[in-house]
Amino acid sequence: MHIHTNEPTTVGHHPSKGYLFPFILVVCLFFLWGIAHNLNGVLIPHLKKACELDNSQSALVDTSVFFAYFVMALPAGFLLRKWGYKASIIIGLLAFSLGAFLFIPAANMRMYELFLIALFIIGCGLAVLETAANPYAAVLGPASSATHRLNLAASFNGLAAMMAPIIGTVFILSGRSYSAEQMDAMTETTRLTYLAEEASSVKLPYLILGAVLLLIALIFVFVKLPEIKEEESGTIQKTGFFSALKHRHLAFAVVAQFFYVGAQVCVTSFFIRMAQQGAGVDEKTAGYYLGVYGLLFMAGRFVGTFLLRYTTASRLLSLYACISIFLAAVAIFGSGMVVLYALGGLGFFMSIMFPTIFSLGIVGLGRDTKQASSWLIMSIVGGAIFPFLTGGIIDMAKDNTQVGYIVPLICYAVILWYALKGSKPSATLHSR
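Values in this document were obtained by computation on a predicted structure and should not be read as measured data. (Residues numbered from 1 in each chain as written. Predicted model: local features only at pLDDT ≥ 70, side-chain atom pairs only at ≥ 80, totals over all residues. Heavy atoms only, no water.)

(A) Focus on the overall build of the chain. Check the secondary structure of the chain and you find 19 helices and zero strands. By the burial criterion, 56% of the 432 residues in the chain qualify as buried. Look at the contacts in the chain between residues 6 or more apart in sequence, and 85% of them connect residues 24 or more apart. For the chain, the exposed area adds up to about 17,900 Å²; of that, 69% sits on carbon and sulfur atoms. (Helix = DSSP H or I, 4+ residues; strand = E, 2+ residues; numbered from the N terminus. Buried < 20%, exposed > 50% of the residue type's maximum accessible area, 1.4 Å probe, protein only. Contact = heavy atoms within 4.5 Å. Areas by Shrake-Rupley, 256 points an atom, 1.4 Å probe, with all protein chains shown as cover.)

(B) Representation of the pattern of salt bridges in the model. Taken as a whole, this structure holds seven salt bridges when the rule is applied. The partner of Lys49 in a salt bridge is Glu198, with the nearest N and O atoms 3.3 Å apart. Of the two residues, Lys49 is situated in helix H1 (residues 20–50) and Glu198 in helix H8 (residues 188–200); the sequence distance between them amounts to 149 residues. The pair Lys49 / Glu198 is uniform in exposure class, with both members buried. (Salt bridge = Lys/Arg side-chain N within 4 Å of Asp/Glu carboxyl O.)

(C) Just the packing of aromatic side chains, in detail. For the structure shown, the criterion picks out 16 aromatic pairs. Members of the aromatic cluster, each reached through a chain of ring pairs, are Phe67, Phe70 and Phe120. (Phe/Tyr/Trp six-rings, centres within 6.5 Å; stacked < 30°, edge-to-face > 60°.)

(D) Representation of helix H19 (residues 406–422) within the structure. For H19, with 17 residues, the first-to-last C-alpha span of 22 Å sits near the 24 Å given by 1.5 Å per residue. Every buried residue belonging to H19 is among Val407, Pro408, Leu409, Cys411, Tyr412, Ile415, Leu416, Tyr418, Ala419 and Gly422, and all of these are buried. (Expected span 1.5 Å × (residues − 1).)

(E) Structural detail: the confidence of the model for the chain. Counting all residues, the mean pLDDT for the chain is 85, and 88% of those residues have values of 70 or more. Note that pLDDT drops below 50 for residues 1–15; the model gives that stretch 57 contacts with residues more than four away or on any other chain. (pLDDT = per-residue confidence, 0-100.)

(F) Representation of a nonpolar patch on the surface in the model. Taken together, the side chains of Met163, Ile166, Ile167, Val170, Phe171, Leu204, Leu207, Ile208, Val212 and Tyr288 present a nonpolar region at the surface, about 810 Å² in accessible area. Listed by contribution, the elements that provide at least two residues to the nonpolar patch are helix H6 (146–171) and helix H9 (203–222). Tallying contributions element by element places H6 first for the nonpolar patch, with five residues. Mapped onto the elements of the fold, Val170 is located in helix H6. Relative accessible area serves as the criterion here: at 42%, Val170 is assigned to the partly exposed category. (Patch = residues over 30% accessible without salt bridge, like charges linked within 9 Å, V, L, I, M, F, W, Y side chains within 5 Å.)

(G) Local environment of the environment of Met353. Among the secondary structure elements, Met353 is positioned in helix H15 (residues 353–361). Taking the C-alpha atoms as reference points, Met353 and Ile415, separated by 62 residues in sequence, lie 8.6 Å from one another. Apart from residues no more than four positions distant in its own chain, Met353 is found in contact with Gln257, Tyr260, Leu317, Tyr320, Ala321, Ser324, Tyr412 and Ile415.

(H) Examining H8 more closely. Over its 13 residues, H8 runs 18 Å from end to end, which matches the ideal 18 Å to within 8%, given 1.5 Å per residue. Within H8, burial applies to Arg191, Tyr194, Leu195, Glu198 and Ala199. Here the buried residues of H8 occupy an arc of 130° about the axis, which is enough to place them on one side. Buried residues in H8 make contact with H1, helix H4 (103–109) and helix H7 (180–185). (Arc of directions from axis to C-beta.)

Below is the structure:
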């Protein structure tokens, strides 16, 4: 997932000369946090197996990361205003790196609680990185091309959505799965050896990830970067954080975004087990299909951006929400490869939902845009809540993963309502 802060900047007078290398570094950040997010789809089924968890417990991987976003949304903004882009990015990278390195003792002890702490720290680092890197990418050059730069950077986030599941499948997933009866039939030594081997497979990829993050943090320390200050507007409006919610279309956008992030995280988090149960493929094959899902998600962003030239954002969002409801139903009630095709389709048709809801939510807000952006970023806490609910439903359904996809289906229905009704600005909006 990629979060746009949509902060207005006043940078039209800044020359683009000297901004290429800093922009390349920022693009690397988009790719790296995309890797972190999209490894979770592999981590959840893997840690469920290695740490002997039920479905709702395994979904705490998402809860840890996305709750960290919620907690850090305001502190990250304060950090950015206080210390600037460069320092914020370095702090985010160091926290991200620390969380990655904590995977090693967590795997050695096979302690799920330590994995969750590590993921929470990673989430805190990602929140700081995204809060700083999105606007920094926008201001590294002429204001007229800011949207182009953000879309270019976001494409590398999409590239990570394809690559991370493949990396995780190759280096983390063993392809060995045993039923509860088979585990019970093992000797204690054999069982513990198997579980230790499963847990230890996360160490190498996260060690490499942590080392790369440290290296990039060092580059940011020693490379001179332009520290661009935004100009203050002539009138400073001091309003409460909740005042922006008086705009009904923004309040509804926060709700829609909450449900969208929940839906996206549910689909990716339970993708591998869904593919195993619904389509009957093995663990490794399911992991590779998750990479195809990421490719379709990336392709959907390009196609959606093209289609927006010919229709309105609310119409395209309503069409995509309708198709997503249908595909979720196919995933729930279908069997065989049609389930995998439906999941891939969901990746394609969900791709434009986050930025589209975001842009519709901040239409015409003027001075309330900054508070609105903060609310829309905080709404991603949906990614902490809905996967846990989905895991609970799957557990109640006796490990039937397909039943759990009723949660994203309901989420798409909420998004459809928002596209048709909730996204319309109030009549008094433009009188401000």
